[in-house]
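Each chain is listed here by its residues.
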Amino acid sequence: MHLSEVIVKPVLTEKTYKQMAEGIYTFTVNRKANKSHVKKAFEQIFEVKVADVNIINSKPKTKTVGRFVGKTSAVKKALIKLAPGEQLSLFSSEEQS
């Protein structure tokens, strides 16, 4: 698996914004990726040091709309904790001039 295929997109919710202040970033990752793939890809793409990676597997949920029943997609998320002193400039709220 190529490193550019590991990280899919960031998860941006109220809870994840609160965690960003603590240096923890949440990303949707490829279903086949493991912790070491995520850590290596994140360090190379964003050029920061990663202290810890936690993986969450979300199973598909059954949803009903009227008489139709379906399932949501299964999602794998990674909680990435940066090393002390590191910051991801992509989500910084400070203005850069």
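Scope of this entry: the structure provided in the associated data block. Note that the structure is predicted; figures quoted are calculated from it, not measured. Residue positions are counted from 1 within each chain, in the order its sequence is given. Residues qualify for local features only when their pLDDT is at least 70, as the model is predicted, and side-chain atom pairs are given and counted only at 80 or more; totals for whole chains, interfaces and linings, by contrast, use all residues. To get the side-chain values, take all heavy atoms of the structure and skip hydrogens and water.

Digging into the overall build of the protein
So, point 1. Each helix is a run of DSSP H or I of at least 4 residues and each strand a run of E of at least 2, with the numbering of both proceeding from the N terminus. Summing up its helical and strand segments, the protein has two helices and six strands in all.
So, point 2. Put simply, the protein runs from its N terminus to its C terminus through helices and strands in the order β-α-β-α-β-β-β-β.
So, point 3. Projected onto the principal axes, the alpha-carbon positions of the protein cover approximately 55 × 30 × 20 Å.
So, point 4. Relative accessible area decides the class of each residue, using a 1.4 Å probe on protein chains only: under 20% of the type maximum gives buried, over 50% gives exposed, and in between gives partly exposed. Across the 97 residues that make up the protein, the buried fraction comes to 27%.
So, point 5. Roughly 7,100 Å² of accessible area belongs to the protein as shown, and the carbon and sulfur atoms make up 50% of that amount.
So, point 6. As used throughout, the charge tally considers Lys and Arg to be positive and Asp and Glu to be negative, leaving His and the chain termini uncounted. Positions of charges follow a simple convention, taking NZ of Lys, CZ of Arg, CG of Asp or CD of Glu. Taken as two groups, the 17 positive and 9 negative side-chain charges of the protein have centres that lie 17 Å from each other. Here the accessible surface of atoms and residues is derived via Shrake-Rupley with a 1.4 Å probe, and residues count as covered only by protein chains that are part of the display.

Section: the environment of Ser58
So, point 1. For Ser58, the location among the structural elements is in strand S3 (residues 50-58).
So, point 2. When checking whether two residues touch, look at their non-hydrogen atoms; a contact exists if any pair is within 4.5 Å. With residues up to four places along the chain from it excluded, the contact list for Ser58 reads Ala74, Val75 and Lys77.

Observations concerning helix H2 (residues 35-46)
So, point 1. For a helix, the expected span equals 1.5 Å multiplied by the number of residues minus one. Here H2 contains 12 residues, and its C-alpha end-to-end distance of 16 Å stays within 8% of the 16 Å for a straight helix at 1.5 Å per residue.
So, point 2. Within H2 the residues assigned to the buried category are Val38, Ala41 and Phe42. Burial along H2 is one-sided: seen end-on, the buried residues are contained in an arc of 100°. Away from its buried face by more than 90 degrees, H2 exposes Lys40 and Gln44.
So, point 3. Elements that come into contact with the buried residues of H2 comprise strand S1 (7-10), strand S2 (24-29), S3 and strand S6 (75-82). Arc definition: directions from the helix axis to the C-beta atoms.

Some points on the packing of aromatic side chains
So, point 1. Note on aromatic contacts: the rings of Phe and Tyr and the six-membered ring of Trp form a pair at centre separations within 6.5 Å, being stacked when their planes are under 30 degrees apart, edge-to-face when over 60 apart, and tilted otherwise. Counted by the stated rule, this structure contains three aromatic pairs.
So, point 2. A centroid spacing of 5.4 Å and a plane angle of 70° characterise the contact between Phe27 and Phe42, whose relative ring orientation is edge-to-face. Of this pair, Phe27 sits in strand S2 while Phe42 is found in helix H2, placing the two residues 15 residues apart along the sequence.
So, point 3. Between the aromatic rings of Phe42 and Phe46, the centroid separation amounts to 4.7 Å while the plane-to-plane angle is 45°, which identifies the pairing as tilted. Of this pair, Phe42 and Phe46 both sit in helix H2, four residues apart, which is roughly one turn of that helix.
So, point 4. Residue classification places Phe42 among the buried positions, given a relative accessible area of 0%.

Things to note about the sheet that holds S1
So, point 1. Paired strands, in this sense, are two strands between which DSSP finds at least two bridges. Strand order in this open sheet of four strands is S1-S2-S6-S3, and the pairing throughout is antiparallel. On the outer flanks of this sheet lie S1 and S3, each paired with one strand and no other. Going from strand to strand, the sheet's axes swing by 35° on average, the running direction of each strand aside.
So, point 2. Examined bridge by bridge, S3 and S6 share eight bridges and lie antiparallel to one another. Bridged to Val53 within S6 is Ile80.
So, point 3. Here H2 sits on the sheet and contacts S1, S2, S3 and S6; the angle it forms with S3, its principal contact strand, is near 125°. Only the contacting stretch of a helix is used when fitting its axis, a line to C-alpha atoms as for every element, and angles between N-to-C directions run 0 to 180 degrees.

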